[in-house]
Amino acid sequence: MFEIAVRPEIFSDKVQKKTPDPVIIVRYIKKHGNKAMRQGLQRLEDGTALLDISRKFIDARHGKVTVNYRFDFISPEKKEEIEKEVFANAMPYKDDFENTEHFMRPVVVGTGPSGLYAALILAKYGLRPIVLERGAEMEQRIKDTEAFKEGKGKILSSSNIQFGEGGAGTFSDGKLYSGISSGLKDFVLRSLIIHGAPSDILYDSHPHIGTDRLRKVVTGVRKDIESLGGEVRFNTTFLGYGTENGALKNITVQDSTGTYEIPCNSLILAIGHSSRDTFRALNRLGLEMQSKPFSVGVRIEHLRSSIDMSQFGFDSEYSPDVTPAIYKLSCDTSTGRKLYTFCMCPGGEVVAAQSDGQSICTNGMSFRARDMENSNSAILVPVDSKDYGDGVLDGVKFQEMLENLAFIAGGSNGNAPAVRYGDLMADRTTEDFGSVKPSYRPGVTGADLSQVFPEEILDTIKEGVALMGRKIKGFDDPDSVLTAVEARSSSPVRLVRDPETCQSINVKGIFPCGEGAGYAGGIMSSAIDGIKCANKLAVSLLDSLKAI
């Protein structure tokens, strides 16, 4: 195993494209490599070895930027052996499902990462899952979302940045880093690469696909599910379920033809964190659920070049070896509350993430190139039942209230309320934006954010940004733009499941799954939870055979 630290090349003119990591490593070996590295390079050039990069990270400490790699040269046979082990680990019961015709087809609700990966595993087991998605397929979803951004259409309740093929994560940065520890990470990454993701996600310390590439990847996974016998029904909404003796018997769904039932004894509920009508339906039906803490705040935008200069000392547009700078910040404030950054999108834009016509909700998005003018991040304040009440759905109501207040503050026309940080601190409404132009479309309205947030939350944001400015120069730039409201960073409820079986504690056969169910946060952890639930469902089917 080799480790190198490469000083990035920096030019006087903007570069047109980034240098691939293998090229950077080979360039370094030819100039500075030791004997063992050069021998490995010879094997690579001879075709007897492959370059296996296991780690990449940028170190910008102490004013000296280096791109750091850990790599080795391995045989093609070794690579194949590793991949076989990774895929076997994700599907431990594949050999147990030789005859699946006597099993009732499992149903998966939702095509976000948890739903897609649950369905993929079930399909690979030969169980032919039925996948229900309330929103549109990818091509139509993109058209509907772009129409609203361009001011040519309204928000559609079932085809927007929250709902549709791929779930909410499809219109994001496609970030894949996660704090959870799981051997399934490798499977998810390698599977994404098979379906069209860039290969660097396998080793980058902060892997991201980019929303433009992720859309194609999601479609590829769905087509794989269908090729294995699965069925994906778009524009089909899950309404509820029926039981017999405490066990799932059927589900009720609605599509363009009307309302009908599907016989079902195994259901993975991967409904996503914005499925508020479904939360209410499940609560009415008596499915055990709890309120859980979440966070609310705004999106903050800076010039991408300014963040680069603060972090690197140069603009990443002038180097072929580094991508735009990222950050992760948190601070405690005198209000007694914490402020932290979340879902940072370098070289990206702030997007409309609401799912109805009376709300404003923001999110961040970046394309693969991360080459837009601004960088943005959510800055969030944790909230809990002390802020919104003890009822199971009180957190949902709090989110809805903030989003509706943002809609009103923005002019009740689809514009988001926004303010320069300098104006926020001076308690005035922004009339003209400065060097940082808000990227939210269809547009923003200069607004008083005290009409949106409770006083203590807004005070936390004000003070917290100033404190973060001590950590990153220019973070508290008076021209930075704050756009409200970000309220859907995680689910406000948890659908309670047994930790061993992953089944609902009061309805046998229902497997609450992913971010909407309260068991994940982000693409990677959601996909892993989908795999976990699919395998627990598989175990329940195998156990049912033993009981016969």
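Here the structure is shown first, and the text comes after it.
This is a predicted model, so every value here is computed, not measured.

## Some words on the overall build of the chain
Secondary structure summary: the chain contains 14 helices and 21 strands in total. In terms of overall size, the chain behaves like a compact globule, its C-alpha atoms giving a radius of gyration of 24 Å where 548 residues would be expected to give roughly 24 Å. Within the chain, the proportion of its 548 residues that are buried is 55%. Taking the contacts inside the chain whose residues are at least 6 apart along the sequence as the reference set, 73% of them involve residues at least 24 apart. Here the chain displays about 22900 Å² of accessible surface, and carbon together with sulfur accounts for 48% of that area.

## Considerations on the sheet that holds strand S7 (residues 237-244)
Within the open sheet, the 3 strands sit side by side as S7-S8-S9. Their pairing is antiparallel. Looking at the sheet topology across the chains shown, the edges are occupied by S7 and strand S9 (258-263). Looking at each pair of strands side by side, their axes are set apart by 25° on average, direction ignored. As defined by bridge partners, S7 adjoins strand S8 (residues 247-255) across 7 bridges and the pair is classed as antiparallel. Bridged to Thr243 within S8 is Leu248.

## Some remarks on the sheet that holds strand S3 (residues 66-74)
If you trace the 3 strands from one edge of the open sheet to the other, you get S1-S3-S2, paired in antiparallel fashion. In this open sheet, the two edge strands, each paired with only one partner strand, are strand S1 (2-6) and strand S2 (50-59). Strand-to-strand, the axes of this sheet are offset by a mean angle of 20°, without reference to chain direction. Note that S2 and S3 share 9 bridges and pair antiparallel. Paired with Asp52 across the bridge in S3 is Asp72.

## Things to note about the environment of Gly47
For Gly47, the position within the fold is in the loop between helix H2 (35-46) and S2. On the accessibility criterion, Gly47 (54% relative accessible area) is exposed. Sequence separation between Gly47 and Pro76 is 29 residues, and the spatial gap between their C-alpha atoms is 9.3 Å.

Here is what the cut-offs are and how they apply
- Residues numbered from 1 in each chain as written.
- Predicted model: local features only at pLDDT ≥ 70, side-chain atom pairs only at ≥ 80, totals over all residues.
- Heavy atoms only, no water.
- Helix = DSSP H or I, 4+ residues; strand = E, 2+ residues; numbered from the N terminus.
- Rg over C-alpha atoms; globule rule 2.2 N^0.38 Å.
- Buried < 20%, exposed > 50% of the residue type's maximum accessible area, 1.4 Å probe, protein only.
- Contact = heavy atoms within 4.5 Å.
- Areas by Shrake-Rupley, 256 points an atom, 1.4 Å probe, with all protein chains shown as cover.
- Pairing = 2+ DSSP bridges.
- Axes fitted to C-alpha atoms, helices over the stretch in contact; angles between N-to-C directions.

Distances and angles like these do not, on their own, reveal function.
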